[in-house]
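Spelled out, the chains give:
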Amino acid sequence: MNAMEIKKDIHWVGAIDWAVRDFHGYETPRGTTYNNYLIMDKEITLLDTVKHDFAEVTLRNIRSLTDPSKIKNVVINHIENDHSTSLGKIMELCPKATIYLTEKGKKGLDKFFNTSAWDIKIVKTGDTLSTGSKTLMFIETPMLHWPDSMMTYIKEDRLLISQDAFGQHIASTSRFDSGFATCESMTTLDDAVVDYYANILMPFGQLIKTKIAEIQKLGIEIDMIAPDHGIIWSDPAKVIQMYLDMANGKAKLCVPIIYDTMWHSTEDMIPHIVQGLADAGVDSKVIKLRATPYSIAIKELWKSRGAIIGSPTLNNLMYPTVAQFLHILKGLRPKDRIMAAFGSYGWGGGAVKGAYEEFAKMKLEAFEPGLEVMYKPSAQEEEKSREFGRQFGEKVKEYHSRY
Ligand code: FEO
């Protein structure tokens, strides 16, 4: 896609990655974009770069507006590879440009590049840069998403360049939320926001709340948020509220059953558990891990107030896909969710116990005891499964009422 003006003299010059399906292990069925922005002011200023594979794409977009050698300033809001690895190629074309980034950004950049010949200025929250008619103010946002991260606010345009925050992994011909309704739908965009938050930002809910409060305290008005991935928000209030809701633990009264199975015994318990949940008036969704990317299972869990994990026992342990899923979940430090587990075993259990041990490590509330059946559920055990679902449904409703 060609460069596009998003505010007067501020242009999107990024790249669309339609094909990426594995983003450092996070499945991205919708692809992504690497957004960066060029300010065509007295001092031409580039905000962020793109993933190295797309260096020529952003350079083509920059060249459609100016000769890259005229770039005076380069702001690096975040040094992760998807945003900074084109910097070397860009600096070859404008070697006298000044780079603005945080102290931790500089430390990281020194590991990725030989920066000895570059003019680098370290900035902190509140520091400003005038490009002529525009004032850029930097806001440090450590751990959103890496320790080096910051955002750049352009005062005259009330525009927040937010790097990873408020982004989504979605490739689209649309650049704005307002035009996002052709091949995709708004529901898809909302879903992409939740997906990104669940898989990348879930551990940082408290930080997100603090940072949004800090930005509000600065008294700055924001009428557009331009992240480094996905769609630009011309209605930023909506996505800010979505972030605050997620950071405050908002979830739906819904229970995904996330499971795997060896000989269908664990799977055979599920229709009865689903019926029990329905008896309690709680909607559910069934997700088989061997047929579903982990990132989608994570998103579905995050959208829901409770979740049930199903696993057969293999060599006294959880089935590998289930163990792997809980390992990923543990790293994301979920909160405000209630869990339960069930599964089948042959001669010695272990999977259900293992799942509850993981819930305890995550400090998640758990509904106990879990439910285990030997070999295959009997008619009686099918009824027990239904009752297990019903009781968990009642518990989830009670837990949900606390929010
Ligand atoms: Fe899009 Fe933390 O990088």
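Student: Is there a simple way to explain the overall build of the chain in this structure?
Tutor: Check the secondary structure of the chain and you find 12 helices and 24 strands. When its C-alpha atoms are laid out on the principal axes, the chain stretches across 80 × 40 × 40 Å. By residue count, 57% of the 403 residues in the chain fall in the buried class. Long-range contacts, defined here as pairs at least 24 residues apart, represent 72% of the contacts in the chain between residues at least 6 apart.

Student: Sorry if this is basic, but what is going on with the side chain of D157 here?
Tutor: Residue placement: D157 occurs in the loop between β14 (150-154) and β15 (159-163). You can call D157 buried: its relative accessible area is 10%. Contacts of D157, omitting those with residues within four sequence positions, involve K7, K8, I10, K134 and D223.

Student: Please explain the packing of aromatic side chains as it appears in this structure.
Tutor: To describe a pair of aromatic rings, one takes the distance between the centres and the angle between the planes. Following the criterion strictly, the structure yields 10 aromatic pairs and no others. Both rings, one in Y197 and one in Y243, keep their centres 5.2 Å apart while their planes meet at 90 degrees; by these two values the pair is edge-to-face. With Y197 in helix α5 (residues 186-201) and Y243 in helix α7 (residues 236-247), this pair connects stretches of sequence that are 46 residues apart. Between Y197 and W302, the aromatic rings sit 5.9 Å apart at their centres with planes inclined by 15 degrees, giving stacked as the arrangement.

Student: What is the right way to look at the sheet that holds strand β10 (residues 98-101) in this model?
Tutor: Through backbone hydrogen bonds, the strands of a sheet pair up, either in parallel or in antiparallel fashion. In space, the 7 strands of this open sheet follow the order β1-β2-β7-β8-β9-β10-β11, with mixed pairing throughout. With one partner strand each, in any of the chains shown, β1 (4-7) and β11 (119-122) form the two edges of the open sheet. Each neighbouring strand pair of the sheet contributes to a mean axis angle of 25 degrees, computed without reference to strand direction. Where strand β9 (residues 71-75) lies against β10, 3 bridges are found, and the strand directions are parallel.

Student: Is there a simple way to think about the pairing of strand β22 (residues 338-345) in this case?
Tutor: Two faces belong to every sheet, and in a regular strand the side chains alternate between them. Where burial is concerned, most of β22 is hidden: 7 out of the 8 residues are buried. Sheet topology note: the strand β19 (residues 306-310)/β22 ladder contains 5 bridges and is parallel. Paired with I308 across the two strands is A340, which belongs to β22. With 2 bridges joining them, β22 and strand β23 (residues 365-366) adopt parallel strand pairing. The residue bridging M339 from the neighbouring strand is A366, located in β23.

Student: Can you help me understand the sheet that holds β14 in this one?
Tutor: Spatially, 5 strands are ordered β12-β13-β14-β15-β16 in an open sheet, and the strand pairing comes out mixed. Of all strands in the sheet, those with a lone pairing partner are β12 (128-130) and β16 (224-227), marking the two edges. Strand after strand, the sheet turns through a mean of 20 degrees between neighbouring axes, direction not considered. Alignment of β14 against β15, held across 3 bridges, turns out to be antiparallel. Directly across from Y153, in β15, lies its bridge partner L160.

Student: Looking at this structure, I do not really get the domain arrangement of the chain. What am I missing?
Tutor: Each domain of the chain was delimited in the assignment, giving domain 1 (4-247) and domain 2 (257-397). For domain 1 versus domain 2, the separation of C-alpha centres amounts to 38 Å. Domain 1 puts 12 residues into the contact, and the matching count from domain 2 is 10 residues. Counting each side, the surface lost to burial between domain 1 and domain 2 is near 1200 Å², with a carbon and sulfur contribution of 62%. Among the residues domain 1 hides against domain 2, the three largest losses belong to N199, M202 and P203. Together they make up 45% of the total.

Student: Please explain the nonpolar core as it appears in this structure.
Tutor: A general trend in soluble globular proteins is that nonpolar side chains are found buried together. Core analysis: the biggest nonpolar cluster contains 80 residues, and Y243, I308, F325 and L326 have the highest contact counts within it. In terms of residue count, α5 provides more of this core than any other element does, 9 residues in total. No fewer than three residues from each of domain 1 (4-247) and domain 2 (257-397) sit in this core. Among all residues touching L326, those that are not within four sequence positions of it are I309, M318, A355, E358, F359 and M362. Core analysis: the next-biggest nonpolar cluster, separate from the first, contains 22 residues, I16, Y37, Y100 and L159 among them.

Rules of the game
- Residues numbered from 1 in each chain as written.
- Predicted model: local features only at pLDDT ≥ 70, side-chain atom pairs only at ≥ 80, totals over all residues.
- Heavy atoms only, no water.
- Helix = DSSP H or I, 4+ residues; strand = E, 2+ residues; numbered from the N terminus.
- Buried < 20%, exposed > 50% of the residue type's maximum accessible area, 1.4 Å probe, protein only.
- Contact = heavy atoms within 4.5 Å.
- Phe/Tyr/Trp six-rings, centres within 6.5 Å; stacked < 30°, edge-to-face > 60°.
- Pairing = 2+ DSSP bridges.
- Axes fitted to C-alpha atoms, helices over the stretch in contact; angles between N-to-C directions.
- Domains from an automatic or database assignment.
- Buried area = accessible area lost by both parts, 1.4 Å probe.
- Core = buried A, V, L, I, M, F, W, Y, C linked by side-chain atoms within 4.5 Å.

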